[in-house]
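So the chains spell out like this:
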Amino acid sequence: MSTRTVVVVALVAATVVVGASVIAGLRGTAGPAAPADPAGAEVADSPAEHTDPDYWTEERMRDAKPVPMPQPPAGG
């Protein structure tokens, strides 16, 4: 077999594999897409609630550190 024949066969095989992958992707055989991860901090419109009423012990309250708040833009 000549080198040219090997190259042609390899290119045809690669084209078939890529084409089959594209068709499978278009048909949705890969399953449902996973939900995207949040890009940044999540913002809630209400305070966070703990389901455990005993979470905030005296020790946890004493050791709690405030979260830095975002600063408004300069001149705004």
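Look a little higher up for the structure.
Residues numbered from 1 in each chain as written. Predicted model: local features only at pLDDT ≥ 70, side-chain atom pairs only at ≥ 80, totals over all residues. Heavy atoms only, no water.

**With respect to the overall build of the protein chain**
Here is step 1 of the chain: Of the regular secondary structure elements, the protein chain holds two helices and zero strands.
Here is step 2 of the chain: Of the roughly 7700 Å² of accessible surface on the protein chain, a fraction of 63% belongs to carbon and sulfur atoms. (Helix = DSSP H or I, 4+ residues; strand = E, 2+ residues; numbered from the N terminus. Areas by Shrake-Rupley, 256 points an atom, 1.4 Å probe, with all protein chains shown as cover.)

**A short note on the packing of aromatic side chains**
In this description, an aromatic ring pair is defined by two values, namely the gap between the centres and the angle between the planes.
Here is step 1 of the chain: Under the counting rule described, the total for this entry stands at one aromatic pair.
Here is step 2 of the chain: Between Tyr55 and Trp56 the ring centres are 5.1 Å apart and the planes differ by 90°, which places this aromatic pair in the edge-to-face class.
Here is step 3 of the chain: Its relative accessible area of 29% is what places Tyr55 among the partly exposed residues.
Here is step 4 of the chain: In this structure Trp56 comes out as partly exposed when scored by relative accessible area, which is 46%.
Here is step 5 of the chain: Over the aromatic face of Tyr55 sits the side chain of Arg60, whose NZ or CZ is 4.1 Å from the ring centroid. (Phe/Tyr/Trp six-rings, centres within 6.5 Å; stacked < 30°, edge-to-face > 60°. Buried < 20%, exposed > 50% of the residue type's maximum accessible area, 1.4 Å probe, protein only. Lys NZ or Arg CZ within 6 Å of the ring centre and 35° of its normal.)

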